[in-house]
Amino acid sequence: MREFKFINFNKGKNYYLIEINRPDQLNAINKETIKELKDCFLSIKNSTKGFYGVIITGSGDKSFVAGADISEFKGLNEKTAKELSLNGHELFHIIENFSIPVIALVNGYALGGGCELALCCHIRIATKNAKFSQPEINLGTIPGYGGTQRLPQIIGKGRALEMMVTAEMTNAETALQYGLVNYVLDNKDDAMKKSTELIDIIQRKAPGAVAGVIESINNFYRGDDDGFGKEIQIFSKLCGADDFKEGVRAFQEKRCPSFKGK
Ligand code: COA
């Protein structure tokens, strides 16, 4: 496995595990971490055979990611801030459009860029000490890694706006009530167990259909695209594939389907 400086990258039995590891900065993501994450996701993009999910988490129990690295904010100007923002957007776009589900296992603080990282993942599973916030307003700016777009998509405009203008922390219980997370578990081990259980379920599905769900749902949120048209296109393509024939045959023969990813 490739070695990185700020992330630990490992393979589980049927999933990839990425752990952001900057404990002295509560796993805040600096430019290099963003580059490493990008390299890591691109390196596995074409190696998803036998892998049915990616779990991304922060090292330790205190923090998922405490935001962008604020020490890199000093001296930013309009030009360099735009570069920083575009760089984060590019990574989060890669994650959001990944062909296998990416699960954010949120252990502790998910602040600023950390909350935005969780938002671009497909599923969020939190430990009960998780805390979400978009505190950029306290620095005199707004979220720059897609938060103003994805947070309202997930929890609605009113709640997202309140979180961004107050910078207040949202605890795990409220996050669950908002639909910001899918599950809250007692601790990191339990959250890991839940994540791998979901990946085991996904393993039994047709990979093309899983990727199709991600692509079609993402289309809904792209204002300039015809989401319904895209759904028709993906649905019909999948229905012409071997896995669909196997799925229908298995139903009629009252057995579990054996999908081949074709
Ligand atoms: N960027 C860089 N360093 C960060 C960081 C960030 N986003 N968040 C925390 N750290 C560093 C702190 O500077 C501190 O380093 P030090 O020991 O060298 O002083 C270390 O992580 C531990 O943080 P500390 O503040 O001492 O821990 P705490 O338990 O008292 O508070 C937080 C935890 C998360 C509430 C607090 O660190 C915080 O508010 N961080 C900034 C969050 C933020 O605004 N993120 C969005 C940025 S856009």
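Computed from a prediction, not measured in an experiment: that's the story for all the values here.

Novice: Before we move on, could you go through the overall build of the protein chain and cite the residues and values that matter?
Specialist: Secondary structure assignment for the protein chain yields ten helices and ten strands. Here the C-alpha radius of gyration of the protein chain, 19 Å, is about what a compact globule of 262 residues would show, namely 18 Å. C-alpha extents for the protein chain along the principal axes are approximately 65 × 40 × 35 Å. Evaluated residue by residue, the protein chain yields a buried proportion of 44% over its 262 residues.

Novice: Help me get a handle on helix 1 (residues 31–44), residues and values and all.
Specialist: For helix 1, built from 14 residues, the straight-helix expectation of 20 Å at 1.5 Å per residue is met to within 8% by its first-to-last C-alpha distance of 20 Å. By the burial criterion, the buried members of helix 1 are Thr-33, Ile-34, Glu-36, Leu-37, Lys-38, Cys-40, Phe-41 and Ile-44. If you follow the buried residues of helix 1, they end up packed against strand 1 (7–11), strand 2 (16–20), strand 3 (54–58), helix 2 (78–96) and strand 5 (102–106).

Novice: Explain the packing of helix 8 (residues 207–220) against helix 9 (residues 227–239) to me, and be specific about the residues and the numbers.
Specialist: As a packed pair, helix 8 and helix 9 sit with axes 9 Å apart at the nearest point and diverge in direction by 170 degrees. By the criterion of interaxial angle, the relationship of helix 8 to helix 9 is roughly antiparallel. Where helix 8 approaches helix 9, its residues Gly-208, Ala-209, Gly-212, Glu-215, Ser-216 and Asn-219 are matched on the opposing element by Gly-227, Lys-230, Glu-231, Ile-234 and Leu-238. In terms of residue class, the contact of helix 8 with helix 9 is made up of three nonpolar, five polar and three charged.

Novice: Outline the pattern of salt bridges, supporting the account with residue identities and numerical values.
Specialist: Within the structure shown, the criterion is met by 14 salt bridges. For the salt bridge of Lys-79 with Glu-83, the shortest nitrogen-to-oxygen distance reads 3.3 Å. Taken together, the residues span about one helical turn, with Lys-79 and Glu-83 both in helix 2 at a distance of four residues. You can call Lys-79 exposed: its relative accessible area is 61%. Of the charged contacts in the structure, one is a salt bridge between Glu-253 and Arg-255, with a shortest N-O distance of 2.8 Å. Note on Arg-255: relative accessible area 33%, which makes it partly exposed. A cluster of three or more residues bridged by salt bridges with shared partners is formed by Glu-246, Arg-249, Glu-253 and Arg-255.

Novice: Mind laying out unusual backbone geometry, listing which residues take part and the relevant values?
Specialist: Its identity as a non-glycine residue notwithstanding, Leu-26 has a phi of 50 degrees, on the positive side. Here Leu-26 is to be found in the loop between strand 2 and helix 1. Taking the relative accessible area as the measure of exposure, Leu-26 reaches 30% and is therefore partly exposed. The backbone of Asn-27 sits at a positive phi, close to 65 degrees, despite the residue not being glycine. Relative to the elements of secondary structure, Asn-27 occurs in the loop between strand 2 and helix 1.

Novice: Give a description of the domain arrangement of the protein chain that names residues and reports values.
Specialist: On domain assignment, one finds that the protein chain holds domain 1 (7–202) and domain 2 (204–252). Taking only C-alpha atoms, the centre of domain 1 and the centre of domain 2 are 26 Å apart. On the domain 2 side, the residues contacting the twelve residues of domain 1 number eight residues. Summing both partners gives a buried area of about 870 Å² for domain 1 against domain 2, and 53% of it is carried by carbon and sulfur. Considering only the side of domain 1, the residues that lose the most area to domain 2 are Gln-153, Ile-201 and Ile-202, jointly responsible for 45% of the buried surface there. Counting across the interface, domain 1 meets domain 2 through zero salt bridges. Linking domain 1 with domain 2 are six residue pairs in polar contact (both at pLDDT 80 or more), by the criterion used here. Listed by contribution, the elements that provide at least two residues to the side of domain 1 that touches domain 2 are helix 2 and helix 7 (188–203). By residue number, the principal contributor to the side of domain 1 that touches domain 2 is helix 7, which donates three residues. Of the residues contributing to the side of domain 1 that touches domain 2, the split by class is five nonpolar, five polar and two charged.

Reading guide: rules and limits
- Residues numbered from 1 in each chain as written.
- Predicted model: local features only at pLDDT ≥ 70, side-chain atom pairs only at ≥ 80, totals over all residues.
- Heavy atoms only, no water.
- Helix = DSSP H or I, 4+ residues; strand = E, 2+ residues; numbered from the N terminus.
- Rg over C-alpha atoms; globule rule 2.2 N^0.38 Å.
- Buried < 20%, exposed > 50% of the residue type's maximum accessible area, 1.4 Å probe, protein only.
- Expected span 1.5 Å × (residues − 1).
- Contact = heavy atoms within 4.5 Å.
- Axes fitted to C-alpha atoms, helices over the stretch in contact; angles between N-to-C directions.
- Parallel < 35°, antiparallel > 145°, perpendicular 65-115°, else oblique.
- Nonpolar A, V, L, I, M, F, W, Y, C, P; charged D, E, K, R; others polar.
- Salt bridge = Lys/Arg side-chain N within 4 Å of Asp/Glu carboxyl O.
- Domains from an automatic or database assignment.
- Buried area = accessible area lost by both parts, 1.4 Å probe.
- Polar contact = N/O pair within 3.5 Å; in protein donor to acceptor, adjacent residues only side chain to side chain.

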